[in-house]
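Structural overview for review
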Amino acid sequence: MNQRKVRVRFAPSPTGALHIGGVRTALYNYLFAKQHGGDMILRIEDTDSQRFVPGAEEYIIESLTWLGLKFDEGVGFGGNYGPYRQSERREIYKQYVDQLLNDGKAYIAFDTPEELDKKRQEISNFQYDASTRMQMRNSLTLSIEEVQSLIQSGNQYVVRMQIAPNEDIIVNDLIRGEVVINSSVLDDKVLYKSADQLPTYHLANIVDDHLMEVSHVIRGEEWLPSAPLHVLLYRGLGWEDSMPAFAHLPLLLKPEGNGKLSKRDGDRLGFPVFPLEWKDPKTNEISSGYRESGYFPDAVVNFLALLGWNPGDDQEIMDMDDLIRKFDLNHCSRSGAKFDYEKGKWFNHQYILKKDNKEVAAQFIPILNAKGVKADVAYVEKVVGMMKERVSFVKELWDQTSFFFIAPDSYDEKTAKKRWKEDSAMQLGELVEVLRTRAPFDSEGTEVEVKAWIEQKGYHLGNIMNATRLALVGEGKGPHIFDITEALGKEESIKRIQRAIEVLK
Ligand code: GLU
């Protein structure tokens with residue numbers, strides 16, 4: 001039935017850093033658009049000048065670019081439906097405000113904040129609606145002349161939607177099914193403020209979705225309460241036939257599952273809730289980001305995709321192409337998704353394993369350089385390949401691998417006490433001779449030869465291995481001994497053992 005081209009939009013308000021829940025909304029829109037060969041639009045909803053935060057728009061674009069979400073049109077991307085910043089579309093909205101007023105779907109209201117407060121005190125649970133609007137100062141209760149003269153003498157006003165009471169409004173939601181809301185619970189929402197000469201979110205959002213030919217509105221659950229009003233607006237503007245389909249995504253919940261995920265949860269439990277680091281321009285407070293914390297963008301995408309959606313099977317590791325192929329709004333859950341940040345780390349670990357050693361090494365080299373280490377790229381790749389299974393983040397590699405790059409200059413006291421025996425110096429002296437004759441120096445071959453020597457001499461295998469590890473690493477950690485000697489090479493391995501004999505004997 002619905003033969004329209006799929007066009008979706010991500011429509012953030014530039015009020016600060018983009019929350020990780022907003023990132024998931026953008027991702028789901030993107031997956032849906034790409035699956036259907038559709039367009040993805042970036043629209044900036046900046047009609048609330050009070051809440052505008054400088055830098056937020058750039059932050060949003062940089063975040064989504066980092067994650068590999070590409071827009072087909074919108075702010076920063078061009079397109080034929082612009083401008084895509086709502087603050088640049090004033091004249092467009094004005095025309096539809098006038099249309100609603102002329103058609104009797106909306107009215108002008110002059111009530112000042114003080115007057116509204118007074119009414120709130122008079123009437124408990126006051127709501128500006130069919131039951132109260134005839135007691136207020138608006139174009140329904142004043143004469144045309146009075147309205148004109150109030151406007152002409154510079155009184156500020158708002159335009160309100162006139163909502164008929166007691167009607168069941170049906171919102172067809174692709175995730176939630178049919179949602180029915182009685183219009184009596186709605187208030188006569190403000191659609192336009194003369195003070196800003198700008199519409200409010202509701203009107204601008206509907207006008208833009210219509211003019212930009214948006215086919216599907218996929219957004220967070222927090223917008224579901226606005227949906228009935230939006231349906232009424234489409235109807236009021238005569239656009240009901242081209243109304244987009246709605247899909248309201250489940251909330252992201254606190255890791256414990258009780259309530260909405262907030263920035264404070266991140267601070268409390270030590271994980272980022274923003275894609276990139278964000279410096280609040282007012283307070284200068286810095287909040288951590290997934291990028292700066294060392295997450296791979298594809299791991300973040302994979303992790304977020306599964307917060308509220310599942311592919312219907314057990315598959316967890318999916319790249320963007322897999323996700324585009326498999327994504328399905330019918331497999332989105334209605335109930336909130338717990339934000340399991342430990343799972344996020346697990347995903348990063350899986351991606352570090354999956355990635356080419358070259359790519360991981362390229363990210364590790366600047367860290368090495370910062371530590372004053374200059375190492376051969378091929379060597380770094382080898383070390384990375386050997387050690388990456390032990391870490392979740394590239395930056396954790398340093399702790400695990402530093403001894404591959406810097407010979408120990410001292411030996412962990414506790415380990416030395418326990419592992420360096422009376423005859424260690426003598427035995428390792430002999431080991432040096434065994435190693436010296438070996439060529440090639442590969443792990444397996446060296447292991448066979450060294451073990452044969454130990455057996456022949458009747459030495460204790462464990463003791464020799466422990467002392468050798470101490471000599472090579474400086475402490476009791478690290479991978480398989482002969483993998484270490486292979487990576488270090490003959491000369492360096494022998495040098496380290498000789499030095500340990502000298503220092504520890
Ligand atoms: N500007 C709204 C927001 O910040 C957009 C809501 C919608 O997608 O309709 O999330």
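These lines cover the structure that appears in this document, whether it is placed above or below. What you see as residue numbers is a count from 1 along each chain, following the sequence as written. Note on the predicted model: pLDDT of at least 70 is required for a residue's local features to be given, and 80 or more for side-chain atom pairs to be given and counted; whole-chain, interface and lining totals, by contrast, use all residues. The side-chain quantities take in all heavy atoms of the structure and omit both hydrogens and water.

Quick notes on the site of the ligand
Taken together, the residues surrounding the ligand are Arg9, Ala11, Pro12, Ser13, Glu45, Tyr201, Asn205, Arg219 and Trp223. The side chain of Arg9 places a nitrogen or oxygen atom 2.7 Å from an oxygen atom of the ligand. A distance of 2.8 Å separates an oxygen atom of the ligand from a polar atom in the side chain of Arg219. Residues were grouped as follows: Ala, Val, Leu, Ile, Met, Phe, Trp, Tyr, Cys and Pro as nonpolar; Asp, Glu, Lys and Arg as charged; and all remaining residues, including Gly, as polar. For the shell around the ligand, a count of residues per class yields 4 nonpolar, 2 polar and 3 charged. Being near a molecule or strand, for a residue, comes down to having at least one heavy atom within 4 Å of it. We call two N or O atoms a polar contact when they sit within 3.5 Å, provided that within protein one can donate a hydrogen and the other can accept it, with sequence-adjacent residues counted only if both atoms are side-chain atoms.

What to know about helix 12 (residues 357–370)
Residues lying three or four places apart along an α-helix face the same way, a consequence of the helix completing one turn every 3.6 residues. Labels follow the DSSP assignment, with helices taken as runs of H or I lasting at least four residues and strands as runs of E lasting at least two, numbered in each case from the N terminus. Multiply 1.5 Å by the residue count of a helix minus one, and that product is the helix's expected span. The terminal C-alpha atoms of helix 12, which comprises 14 residues, lie 20 Å apart, in line with the 20 Å expected from a rise of 1.5 Å per residue. Residue Gln363 marks the point of greatest curvature in helix 12, where the axis turns by about 30°; the proline Pro366 follows within four residues. With a 1.4 Å probe rolled over the protein chains alone, any residue whose accessible area is under 20% of its type maximum counts as buried; one over 50% counts as exposed, and the rest are partly exposed. Where helix 12 is concerned, the buried positions are Val360, Ala361, Phe364 and Leu368. What makes two residues a contact is simply this: any of their non-hydrogen atoms within 4.5 Å. In this structure, the buried side of helix 12 is in contact with helix 11 (341–354), helix 13 (377–387) and helix 14 (397–405). Positive phi appears at Gly372, one or two residues downstream of helix 12, with a value of about 85°. Note that bend, as reported per residue, equals the angle between axes fitted to the 7 residues terminating at that residue and the 7 residues originating from it.

A few points about the pairing of strand 2 (residues 39–42)
Side chains of strand 2 alternate between two faces, with Asp39 and Ile41 and Met40 and Leu42 buried alike. As judged from the 4 bridges shared by strand 1 (residues 7–10) and strand 2, these two strands associate in the parallel manner. By the bridge assignment, Arg9 is partnered in strand 2 with Ile41. Seen with the strands pointing away from the viewer, any crossover whose path from the first strand over the helix to the second strand runs clockwise is right-handed. Regarding topology, helix 1 (residues 20–35) serves as the crossover connection from strand 1 to the parallel strand 2, and that connection is right-handed. Sheet topology places strand 2 next to strand 3 (residues 73–74); 2 bridges connect them, and they run parallel. What sits directly across from Ile41, in strand 3, is Glu73. Regarding the hand of the β-α-β motif, the stretch spanning strand 2, helix 2 (residues 56–66) and strand 3 is right-handed. Paired strands, as defined in this entry, are two strands with at least two bridges between them according to DSSP.

Take it as geometry only, folks, not as evidence of what the structure does.
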